[in-house]
Amino acid sequence: MRALLADIGGTNARFALLQDGRIGAPVILPVAGFPTAEAAMEEALRRLAPPQPPDRAVLALAGPVLAEPVRLTNAPWSLQSAAIAQRFGMQRVWLVNDFLALAHSLPHLAEGDLHRIGGGTAVATAPMLVVGPGTGLGAAGLVPTGGDPVAVPTEGGHIGLAAETAREDAVIAALRARCGRAGAEEALSGRGLVNLHAIAAELQGVAAPQRDAAAIVAAAGTCPVADEALAHFLAFLAGYAGDMALAWGARGGVFIAGGILPRLLPRLDAVRFRAQFEAKPPMRHWMADVPLAAVTHPAPAFVGLAALARQAAG
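The rules we used
- Residues numbered from 1 in each chain as written.
- Predicted model: local features only at pLDDT ≥ 70, side-chain atom pairs only at ≥ 80, totals over all residues.
- Heavy atoms only, no water.
- Helix = DSSP H or I, 4+ residues; strand = E, 2+ residues; numbered from the N terminus.
- Buried < 20%, exposed > 50% of the residue type's maximum accessible area, 1.4 Å probe, protein only.
- Contact = heavy atoms within 4.5 Å.
- Areas by Shrake-Rupley, 256 points an atom, 1.4 Å probe, with all protein chains shown as cover.
- Lys, Arg positive; Asp, Glu negative; His and termini not counted.
- Salt bridge = Lys/Arg side-chain N within 4 Å of Asp/Glu carboxyl O.
- Expected span 1.5 Å × (residues − 1).
- Arc of directions from axis to C-beta.
- Axes fitted to C-alpha atoms, helices over the stretch in contact; angles between N-to-C directions.
- Left-handed = near helix turned anticlockwise from the far one by under 90°.
- Nonpolar A, V, L, I, M, F, W, Y, C, P; charged D, E, K, R; others polar.

Undergrad: Is there a simple way to explain the overall build of the protein chain in this structure?
TA: For the protein chain, the helix and strand inventory stands at 11 helices and 14 strands. Over its C-alpha atoms, taken along the principal directions, the protein chain stretches across nearly 60 × 45 × 35 Å. Buried positions account for 51% of the 314 residues belonging to the protein chain. Put simply, 66% of the contacts in the protein chain that link residues at least 6 apart link residues at least 24 apart. Carbon and sulfur atoms form 54% of the exposed surface of the protein chain, whose accessible area is close to 13600 Å².

Structure below.
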């Protein structure tokens, strides 16, 4: 089996080859640099230079995959599997939600791919859940069955955000005024961190420079506005992950993926984050048993895509 794997988000598109059961080194291309997904695939294949063209592709897309053509949520690309297969001479092309691919990666991640946050004991027969702030906010569950597990992609990144303190009430009110709705993605994403930074400056009554998410992280420790923005981001993320664990019955574990949290791990107060995750009275004891981890694998979607490719081939 020779397969092209792709993890296509709102900012970057990552491509890799699966050949002889091994995932090759990825090629990373900016989505904004290409007018179409096919143009990016053509460039990726040129750079990957496979000895033989891949005969199939499994493409993970940041957006709901309901009917074709599939449109990305945070980018202008539109994809159709039959058209891609015809252009590249492939037998079959699968389009899947990006968090469906991440969900399929969970059973295949090693301890070295995870940063555990607190305790808990996984229940093998219970659902697992992956959530992830990045360009947007995604969520998917993985439900064990008698055979292959079933992944359930969701649009859980767009549920309403919940406050636990008076200060968070003020943040959510400001978020609603700024965005029209205080959805979770409006705080727990790259642009969400920018929103929280602007709101923290307003609440502190100070002028702060405009910063993107990377600059906010870099300013932490030297700027009170960046510090408050990151504190709110982590508190909301912990609470959101706990709410989703309850909704999914995720006794198999909750895994936080995406590009933001791994960069914050050196600043993470694990005890506080875990306490905010568990603070769901009267279900605190139930929450204490749920394993929680940040995914530190550099490309977990490819692990899930490879599992999907093997499953489809089998």
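Undergrad: Whenever I open this one, unusual backbone geometry confuses me. Can you help?
TA: Phi is mostly negative for residues that are not glycine, and the peptide bonds are mostly trans. In this structure, the amide linkage connecting glutamate 68 to the following residue, proline 69, adopts the cis form with an omega of 0°. One can find proline 69 in the loop between β5 (56–61) and β6 (70–71). The step from proline 281 to proline 282 runs through a cis peptide bond, and the omega angle for that step is 10°. The residue proline 282 is located in the loop between α9 (270–278) and α10 (284–288) in this model. The phi dihedral of alanine 49 falls on the positive side, at around 50°, and the residue is not glycine. Mapped onto the elements, alanine 49 comes out in the loop between α1 (37–48) and β5.

Undergrad: Please clarify how the side chain of aspartate 7 should be interpreted in this entry.
TA: Here aspartate 7 is to be found in strand β1 (residues 2–8). Buried charged residue aspartate 7 carries no salt bridge. Nearest counter-charge: arginine 14, at 4.6 Å. Setting aside anything within four residues of it in sequence, one finds aspartate 7 in contact with Asn12, Ala13, Arg14, Ala60, Asp98, Ala301, Phe302 and Leu305.

Undergrad: Sorry, what's going on with the side chain of aspartate 113 here?
TA: The residue aspartate 113 is located in the loop between α3 (98–105) and β9 (114–116) in this model. No salt bridge is formed by the buried aspartate 113. Its closest oppositely charged neighbour is arginine 116, at 10 Å. Each residue touching aspartate 113, except ones within four places of it in the same chain, is listed here: Ala294, Val295, Thr296 and His297.

Undergrad: Can you help me understand helix α4 (residues 166–179) in this one?
TA: Because an α-helix packs 3.6 residues into every turn, residues spaced three or four apart end up facing the same way. With 14 residues, α4 extends 20 Å from end C-alpha to end C-alpha; this agrees with the ideal 20 Å at 1.5 Å per step. Those residues of α4 lying buried are Glu168, Val171, Ile172, Ala174 and Leu175. Along α4, the residues classed as buried sweep out an arc of 165° about the axis, all on the same side. Seen from the buried face of α4, the exposed residues on the opposite side, beyond 90 degrees, are Ala166 and Ala177.

Undergrad: I keep staring at the environment of alanine 82 and nothing clicks. Help me out?
TA: Relative to the helices and strands, alanine 82 resides in helix α2 (residues 81–88). Taking the C-alpha atoms as reference points, alanine 82 and leucine 5, separated by 77 residues in sequence, lie 16 Å from one another.

Undergrad: Even after reading the chapter, I still don't get the packing of α4 against helix α5 (residues 190–204), so can you show me in this structure?
TA: Any two packed helices are characterised by the angle at which their axes cross and by the distance between the axes. Look at α4 against α5: their axes get within 10 Å of each other, and the N-to-C directions meet at 115°. In this structure, the crossing between α4 and α5 has a hand that is right-handed. Packed against α4, whose contacting residues are Arg167, Ala170, Val171, Ala174, Leu175, Arg178 and Cys179, the element α5 presents Asn195, Leu196, Ala198, Ile199, Glu202, Leu203 and Gln204 at the interface. Among the residues making up the contact of α4 with α5, the classes are represented as nine nonpolar, two polar and three charged.

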